[in-house]
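Structural characterization, general
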There are 6 protein chains.
Amino acid sequence: MNKLALDDLLRMALTEDIGFGDITSESIFTEEHISQGYLIGKESLVLAGMEVFSRVFALLDDSVKIKPCYTDGTFIREKERIAIVEGPTRALLAGERVGLNLLQHMSGIATHTRRYVDAVKEFSTVIVDTRKTTPGLRMLEKYAVAVGGGQNHRYGLDSMVLIKDNHIQAAGGILPAVQRVRNHGSYYRKIEVEVEDLQQVEEALAADVDIIMLDNMRLPMIEQAVKVINGKTLVEVSGNVNLDRVADLAATGVDIISSGELTHSVKAADISMKLESNEKGC
Amino acid sequence: MNKLALDDLLRMALTEDIGFGDITSESIFTEEHISQGYLIGKESLVLAGMEVFSRVFALLDDSVKIKPCYTDGTFIREKERIAIVEGPTRALLAGERVGLNLLQHMSGIATHTRRYVDAVKEFSTVIVDTRKTTPGLRMLEKYAVAVGGGQNHRYGLDSMVLIKDNHIQAAGGILPAVQRVRNHGSYYRKIEVEVEDLQQVEEALAADVDIIMLDNMRLPMIEQAVKVINGKTLVEVSGNVNLDRVADLAATGVDIISSGELTHSVKAADISMKLESNEKGC
Amino acid sequence: MNKLALDDLLRMALTEDIGFGDITSESIFTEEHISQGYLIGKESLVLAGMEVFSRVFALLDDSVKIKPCYTDGTFIREKERIAIVEGPTRALLAGERVGLNLLQHMSGIATHTRRYVDAVKEFSTVIVDTRKTTPGLRMLEKYAVAVGGGQNHRYGLDSMVLIKDNHIQAAGGILPAVQRVRNHGSYYRKIEVEVEDLQQVEEALAADVDIIMLDNMRLPMIEQAVKVINGKTLVEVSGNVNLDRVADLAATGVDIISSGELTHSVKAADISMKLESNEKGC
Amino acid sequence: MNKLALDDLLRMALTEDIGFGDITSESIFTEEHISQGYLIGKESLVLAGMEVFSRVFALLDDSVKIKPCYTDGTFIREKERIAIVEGPTRALLAGERVGLNLLQHMSGIATHTRRYVDAVKEFSTVIVDTRKTTPGLRMLEKYAVAVGGGQNHRYGLDSMVLIKDNHIQAAGGILPAVQRVRNHGSYYRKIEVEVEDLQQVEEALAADVDIIMLDNMRLPMIEQAVKVINGKTLVEVSGNVNLDRVADLAATGVDIISSGELTHSVKAADISMKLESNEKGC
Amino acid sequence: MNKLALDDLLRMALTEDIGFGDITSESIFTEEHISQGYLIGKESLVLAGMEVFSRVFALLDDSVKIKPCYTDGTFIREKERIAIVEGPTRALLAGERVGLNLLQHMSGIATHTRRYVDAVKEFSTVIVDTRKTTPGLRMLEKYAVAVGGGQNHRYGLDSMVLIKDNHIQAAGGILPAVQRVRNHGSYYRKIEVEVEDLQQVEEALAADVDIIMLDNMRLPMIEQAVKVINGKTLVEVSGNVNLDRVADLAATGVDIISSGELTHSVKAADISMKLESNEKGC
Amino acid sequence: MNKLALDDLLRMALTEDIGFGDITSESIFTEEHISQGYLIGKESLVLAGMEVFSRVFALLDDSVKIKPCYTDGTFIREKERIAIVEGPTRALLAGERVGLNLLQHMSGIATHTRRYVDAVKEFSTVIVDTRKTTPGLRMLEKYAVAVGGGQNHRYGLDSMVLIKDNHIQAAGGILPAVQRVRNHGSYYRKIEVEVEDLQQVEEALAADVDIIMLDNMRLPMIEQAVKVINGKTLVEVSGNVNLDRVADLAATGVDIISSGELTHSVKAADISMKLESNEKGC
């Protein structure tokens, strides 16, 4: 993760929440007032974002101490303590909401990704994310998908070639589209083509692309496509992917299943920060 | 909405997605290539974010035209066209993902808020959001809650006083906490106190605050609290609010129900952009 | 105060003054050259901005030490030492102007506010600022007003409702204006209405607003308005407020007197930094 | 003036004031609601900042029209119309405060500078500003001084060499200080030395500097210094300059009088924006 | 190219050059003064950056008109006119230096790249750049390499995997290094390994990477490596590449030659802007 | 040097290179993995930028230690160690490219400047740079010129007056141009005029400017101009300056020779970072 980019994001998020100051806490707590406490999971979850959570407070006051009880990727049961916190009360309360908003969001993504990964674990299929991420949070969301056991699809429009229907139509077919991309392109990026039927699968194979994405196909067609492709390229399925269908999709033998839902429809993991004695430790 | 702040957010989001360029589309489409198309809802939804969606493209290329078929707040049935788009293909594809990510997220919030509002419509209770928003998107998310028929709770730590358990404990009671806030405070902001039992309700009333938040109380205690308060202040309930419970909560006679779920656990509304002939219009 | 926002402001201010470097000091002092010195008030003043002053140097070189002799809000007599400074000479000279410009400006505001507050001290009237602040410095100026004993009026256009003549005219009266605001509004913000005569006072009372601002009224009309309002809402007077008139205004029984002059016409407090032996200490 | 830097400043100022939105006006005015009006001076003043004022509104809504009645530098009598405004009411009200805050501040500086300039008009003495400016506004404040008839002293620490007492002491005299600066320096920048007595005047002359600043000297010593220097370099006086003393200072024959008060203790010029019929025009 | 990122870069560059204003031109030209002129090449060159050049002026004043005579990638002979310019003189002079600095730099890169490409044109070898670019200008420099006929190596540390000697050593060999990368990695990015001898070539082949980089090898070893690899992966040579050696390197049969010199040691193409009558046109 | 501005530049450069993360090193090295190494010059060079290089790593991880073996301005022979490095491997590899790109670029400039300076060392002529710098790097490039023994010409359009042919033409001669500048100008900035023939030299002398720039003149005319000027102002030559001609130009007796090539056509100094045992030290 790029820590400089993380800091920029966190500064922006803190100023969004704090505005010109925390008028309640500044009236009630002196600058010297210290609190201790802990993070607790109110439901079971896969932890993601501990470093992000810690960094929020480091930016506010470098005397805050956050001691994680677990590392990212750990499955944590309901009511377990996740981290121990201690420091100036003003900083703890000023950072609480931003810290939790991110930790809950990232852990929500990791937890849901883990469910997908578990659902396909008897297959060699990989679960990947998409560009359907929350604007501004892509780095953190893709990180959380990886923490949950998924892989990351391309980061953005500049990181690999993905030829879709509009490209194919404008170029007059898959082969000419791939050709144009190769003419302007680079040996260093992979080329993926989105196809809608078996005819297009054949064309994509002929064009010698790296990955074929089967878009919105039904299971029988996916099975046929996998047979046709026969390991010559990687195969991704995409479209209407959800937890119920994911095992059936994996059973077809595809290499990769991509799901936008992992990042565009996140249920926050339920985590609280309690400012009470933390002497029991983790 | 602050349009200058919106532009800053959108520029950041576009650069996050575009990086140094859309390598696929720049290879395939000339700068002059024009496309037309439309937005379509793949499920029923309450629309929120049309202006945001349009602004995304205006920043990329001022010759893109987005013609909305509906205004924000409209309930739109599955398969209806939401907007008509036309312009340079490169700009349409470069902005598509950011535009949709935001429109789907905001419409998801508005749609879910509307469900809450409908659930309590026979009462005078108001549904409000919280500070449990996605870092960077608070302005848009609070706007979407309002579009869905909710109200906005305080924007951030600087916009009103909210005295919680840690403040009460440090100050030695609700009255001294309110007193400290009044000493440092301002006649121009409201004061809300979060209470956990009826004893604290009495204390809050004695302190003459503007709003009393009943935190995580069960229904019978809420009913008692409402009776005790008897219209002397506004009453908010908070904690474990969800669509199933919201009507029962409203039936207690509280003025306000706040729900973090409206913004921290958003299911994106399913909207697609099709670059096909838009000649049918809206 | 939001320290992250403060840092952004100070970085900008330092770069404005330093440009590509302090060509004089970089030619004459080595990086290791250390100086000591002190701040001295060349007139009596109410101190405001010590933390801001210190932070200027912390951003330039974390080995600079600023030891305040007094805390913000203290009345300091002419020729008293205000703080002791010590550190690398290059950093002390690079930060001197920005540090003093802000400290003098903020102390000027606090000093002038204190004069207002003293002038009305036999009344329960509160002195407040306005939005007539210096662009970029609102957080610091409103802080200085509070240090001087005043309160802060709304921070900006988003933090409370203030209905003025143009709003009233467009809505067709105070009542419909308040109604529109309530329809789009929030229980969490106060509503103030600016009125120009007693008729409007009655309308504002009927609309049950939180604060009535008597704009540019003469004393007799203010007295009548206070009588009519009779404690049902808070009463603010505004317009042509200055130190000569403020006691007469307070004597009318209004709750609040707002003055733009506190922040738009600031006379800097006269403070110097002397780089001489500071061994006498504070 | 650098218009890109101006835009950055104005965007920041607008967001400081508008926050997430003008909640009052957005509730009351539709986006289409148009108003007209004018700027009026409530006291006589020298106008400075019309372009800045106009640009504020251009950033908010490019359909706002600002038609200046006078150009910067014009002396305007009380109650004269300064400009005609017309455009969407939301934009006019969202930009009003930032626009006026800057226009009043800049006109206040120009007006006060003009008083200084008038006071010395029978001499060839020039009035100049200092680095005692408001952080963030230096470009605008120095512009306003020039509009008022003054000249600008160095913009910042990087734009010319100014050797002060601490530099002289560290280098062991004026000559060695000038020598060090020449070794690291550039033929393209002038060198000024601040002196405190006639002995130092001689040293500075010997060092062949471009400008000698007589710091905090009394009139008789200034007269002697001018005689000694005798046109060999430019002569500036500085320290305790105010409107009462400025003619006496000029009469000594110095070339330049610098005053921090011009920018650090600004009385805003009193200008209002009235949203009423503007049909009378300018 | 990402036009929003380009604008950010150009704003920064313009403010770096303009500071608070062009004091010479603002004194001499009125805002209405118009000039016309043209760009002329003072040596033969491959043009790159016309859009960037135009955008510089668009940011300063949208009434400036830049009419290119040639498109990027064109070989232009000495003394040919490159573009016609017309607009406010102040804007033309304020943007001249930034515009030319970028156009000359980018054209210098494209021109030098074209020399490399021409030198290997009888082979199928591709010339690529590296990460040895000028900080802040990577997007423009990589664009210029492509304009000159080269391809772009990875954009940054996040866009593909490149395993170098330190990685291999820490992981205990090429195979375990590749394995670790695959465990944390993504199907969507290529994997390249830098090797120093034939033994490592074999290891890299065994690890089934996408590209093998032969680092600083002599010609005979390169030839052997190409033979061993035999088309199973792409082969890149790197290290001590220059125009003299490039044909010999290509003759070995490698697929790719990468050269840092293309971007880290740029000789600006000599282009001038003449503000004289442009009536002859292009 | 302005360290705050330096940090802004370096953060931007690091994010340009790192993107969302160093995917290779994050897969292979743990966060705790430490490396040591050194910088080595692969050709002789004049060192410039050690502080910049160190600051790159300080921004990434404050536990990285960079120990310079030489200070800026030192002539370093091929194969000498330039600095010793030690710290977390991830940070060393994440900062390596940005650090070296800048150090090589700056040392390249210092090295080339030194060659110019050496070529004219028997004369009192000074070598200066121009505004033909790399956008974004002006502060660093001008610093490197100074390290190499040159002086800096004006930093930007705002730091001194430079009257060129277009200005002269628009004003109707050198004298009126200088007059206009003096009317709007400031005693604190020097005035330079660019002249093309002896007639203009006379005019410039008559206008009493500070520096006369002889633009693109041949040697005999330069000699005549120097004779005419005869020490009354500084004399600069400019245009078609290169290492071959520079001594002949200096021999004419001009005070200053300016060369754009110093910064617009930089050959990077060849420096490598080796992560191997650094126990031999410097």
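Each chain carries its own residue numbering, running from 1 in the written order of its sequence. The lettering of chains begins at A and the numbering of ligands begins at 1, in the order of writing. Two thresholds apply to this predicted model, a pLDDT of at least 70 for residue-level local features and 80 or more for giving and counting side-chain atom pairs, whereas whole-chain, interface and lining totals are computed over all residues. The side-chain numbers reported here are obtained from all heavy atoms of the structure, hydrogens and water having been left aside.

A short note on the overall build of chain A
Numbering of helices and strands starts at the N terminus; helices are DSSP runs of H or I of at least 4 residues and strands are runs of E of at least 2. Along its length, chain A carries eleven helices and twelve strands. The principal-axis extent of the C-alpha atoms belonging to chain A is close to 70 × 40 × 25 Å. Any residue under 20% of the maximum accessible area for its type is buried, any over 50% is exposed, and the rest in between are partly exposed; the area is computed with a 1.4 Å probe on protein chains only. Relative to its 282 residues, chain A shows a buried fraction of 62%. Contacts were defined at the residue level, with two residues in contact if any of their heavy atoms lie within 4.5 Å. Contacts in chain A between residues at least 24 apart in sequence constitute 71% of all its contacts with a sequence separation of at least 6.

Notes on unusual backbone geometry
Of note, the phi angle at Asn230 of chain A is positive, near 55°, even though the residue is not glycine. In this model, Asn216 of chain E sits at a positive phi of 55°, which is unusual for a non-glycine residue. Tracing the chain through its elements places Asn216 of chain E in the loop between β9 (211-215) and α9 (219-229).

Remarks on the packing of aromatic side chains
Note on ring pairs: Phe, Tyr and Trp rings are taken, using the six-membered ring of Trp, and paired if centres are within 6.5 Å. Classes follow the plane angle, with under 30 degrees stacked, over 60 edge-to-face and the rest tilted. Tallied over the entire structure, the rule returns twelve aromatic pairs over all chains. Between Phe20 of chain C and Tyr155 of chain F, the aromatic rings sit 4.1 Å apart at their centres with planes inclined by 15°, giving stacked as the arrangement. With Phe20 of chain C in the loop between α1 (3-18) and α2 (23-28) and Tyr155 of chain F in the loop between α5 (138-147) and β7 (161-163), this residue pair bridges two chains. The buried category is assigned to Tyr155 of chain F, whose relative accessible area is 16%. Note that Arg81 of chain C overlies the ring of Tyr38 of chain C, its terminal NZ or CZ placed 3.6 Å from the centroid. Note on geometry: a ring has a charge over it if NZ (lysine) or CZ (arginine) is within 6 Å of the ring centre and within 35 degrees of the ring normal.

A closer look at the domain arrangement of chain A
All names here are of chain A. Those domain boundaries reflect an automatic or database domain assignment. By domain assignment, chain A separates into domain 1 (3-116 + 267-275) and domain 2 (123-264). Centre-to-centre, using C-alpha coordinates, domain 1 lies 35 Å away from domain 2. Contacts between the two partners involve 20 residues from domain 1, matched on the other side by 22 residues from domain 2. Each of two parts loses accessible area, computed with a 1.4 Å probe, when they are put together; buried area is these two losses added. Three residues stand out in domain 1 for area buried against domain 2, namely Ile109, Thr113 and Tyr116, and they jointly supply 43% of the buried area on that side. By definition, a salt bridge exists where a carboxyl oxygen of Asp or Glu is found within 4 Å of a side-chain nitrogen of Lys or Arg. Run the count over domain 1 and domain 2 and you get zero salt bridges.

Remarks on the environment of Arg218 of chain B
Topologically, Arg218 of chain B is positioned in the loop between β9 (211-215) and α9 (219-229). Along the primary structure Arg218 of chain B and Glu122 of chain B are separated by 96 residues, whereas in three dimensions their C-alpha atoms are 21 Å apart.

Observations concerning the relation of the copies chain B and chain A
Here the two chain copies are tied together by a rotation about an axis and a shift along that axis. Overlay of chain B on chain A (RMSD 0.0 Å): rotation 180°, translation along the axis 0.0 Å. Here the two chains are linked by the operation of a two-fold rotation axis. Across chain B, the rotation axis passes nearest the C-alpha of Val266 of chain B, at a separation of 3.1 Å. A symmetric contact is evident, with 100% of the interface residues of chain B recurring at the interface of chain A. Least-squares superposition of the copies uses the C-alpha atoms of those residues scoring a pLDDT of at least 70 in each of them.

Section: the side chain of Gln151 of chain A
Relative to the helices and strands, Gln151 of chain A is located in the loop between α5 (138-147) and β7 (161-163). In this structure Gln151 of chain A comes out as buried when scored by relative accessible area, which is 11%. Whenever two N or O atoms come within 3.5 Å, that pair is a polar contact, provided that in protein one can donate a hydrogen and the other can accept it, and provided that, for residues adjacent in sequence, both atoms are side-chain atoms. Here Tyr187 of chain E takes part through its backbone nitrogen, which lies 2.8 Å from a polar atom of the side chain of Gln151 of chain A. Apart from the residues within four sequence positions on either side, Gln151 of chain A is in contact with Val126, Ile127, Val128, Asp129 and Val145 of chain A together with Gly185, Ser186 and Tyr187 of chain E.

Here we look at the sheet that holds strand β10 (residues 234-238) of chain A
Residue and element names in this part refer to chain A. In spatial order, the strands read β6-β11-β10-β9-β8-β7; together these six strands make up an open sheet with parallel pairing. On the outer flanks of this sheet lie β6 (126-128) and β7, each paired with one strand and no other. Sheet twist, expressed as the mean angle between neighbouring strand axes with direction ignored, is 25°. Two strands pair if DSSP finds at least two bridges between them. Inspection of the sheet shows strand β8 (residues 191-195) paired to strand β9 (residues 211-215) by four bridges, in the parallel sense. Directly across from Glu192, in β9, lies its bridge partner Ile211. Here, axes are lines fitted to C-alpha atoms. For helices the fit covers the stretch in contact, and angles between N-to-C directions go from 0 to 180 degrees. Sitting on the sheet, helix α7 (residues 174-184) touches β7 and β8, and the angle it makes with β8 is about 155°.

Focus on the arrangement of the chains
Between chain C and chain E there is no contact; the minimum C-alpha to C-alpha separation amounts to 9 Å. Here chain B and chain F are not in contact; the least distance found between their C-alpha atoms is 9 Å.

Quick look at the interface of chain F and chain A
Accessible area lost during the coming together of the parts is what is often quoted as the interface size. The interface of chain F with chain A comprises eleven residues on the first partner and seven residues on the second. Of the roughly 790 Å² buried between chain F and chain A on both sides combined, carbon and sulfur atoms contribute 53%. Where chain F packs against chain A, one counts one salt bridge. Counting every contact that joins chain F to chain A gives five residue pairs in polar contact (both at pLDDT 80 or more). Those elements that place two or more of their residues in the side of chain F that touches chain A are α1 (3-18) and α3 (50-60) of chain F. The greatest single-element share of the side of chain F that touches chain A, amounting to four residues, is contributed by α1 of chain F. For this classification, the nonpolar set comprises Ala, Val, Leu, Ile, Met, Phe, Trp, Tyr, Cys and Pro, the charged set comprises Asp, Glu, Lys and Arg, and every other residue, Gly included, is treated as polar. Residue composition of the side of chain F that touches chain A, grouped by class: five nonpolar, three polar and three charged.

Examining the relation of the copies chain F and chain A
If you rotate chain F by 120° and push it 0.0 Å along the axis, it lands on chain A with an RMSD of 0.0 Å. Such a turn and shift between the copies fits a three-fold axis. When C-alpha positions in chain F are compared against the rotation axis, the closest is assigned to Asp8 of chain F, at 6.8 Å.

Section: the packing of α1 of chain C against helix α3 (residues 50-60) of chain C
All names here are of chain C. Between α1 and α3, the shortest axis-to-axis distance is 10 Å and the interhelical angle comes to 65°. On the basis of the axis angle, α1 is roughly perpendicular to α3. Between α1 and α3 the crossing geometry is right-handed. Facing Lys3, Leu6, Asp7, Leu10, Arg11, Leu14 and Ile18 of α1, the residues of α3 in contact are Glu51, Val52, Arg55, Val56, Leu59 and Leu60. Residue composition of the contact of α1 with α3, grouped by class: eight nonpolar, no polar and five charged. When describing relative orientation, an angle under 35 degrees is termed roughly parallel and one over 145 degrees roughly antiparallel, while 65 to 115 degrees is termed roughly perpendicular and anything else oblique. In this scheme, a crossing is called left-handed if the near helix is turned counterclockwise away from the far one by less than a right angle; it is called right-handed if the turn is clockwise.

A word on the interface of chain B and chain A
Contact residues are listed per partner, giving 55 residues for chain B and 55 residues for chain A. In this assembly, chain B packs against chain A so that about 4,800 Å² is buried in total across both faces, 57% of it on carbon and sulfur atoms. With a shortest N-O distance of 2.7 Å, Asp17 of chain A and Arg131 of chain B are connected by a salt bridge. Our enumeration of links across chain B and chain A arrives at 33 residue pairs in polar contact (both at pLDDT 80 or more). For the side of chain B that touches chain A, the secondary-structure elements that each account for two or more residues are α1 (3-18), α2 (23-28), α4 (89-119), α5 (138-147), β7 (161-163), α6 (165-171) and α7 (174-184) of chain B.

Examining helix α8 (residues 198-206) of chain E
Residues and elements named next belong to chain E. For α8, every residue scored as buried is listed here: Gln200, Val201, Ala204 and Leu205. Down the axis, α8 shows its buried residues gathered within 145° of arc, on one side only. Exposed and oriented more than 90 degrees from the buried face of α8 are Gln199 and Ala206. Looking at the buried side of α8, the elements it contacts are α6 (165-171), α7 (174-184), β8 (191-195), β9 and α9. The N-cap residue of α8 is Asp197: its side-chain oxygen and the backbone nitrogen of Gln199 are 3.3 Å apart. Just downstream of α8, Asp208 is the residue with a positive phi angle, here 60°. Directions drawn from the helix axis to the C-beta atoms are what define this arc.

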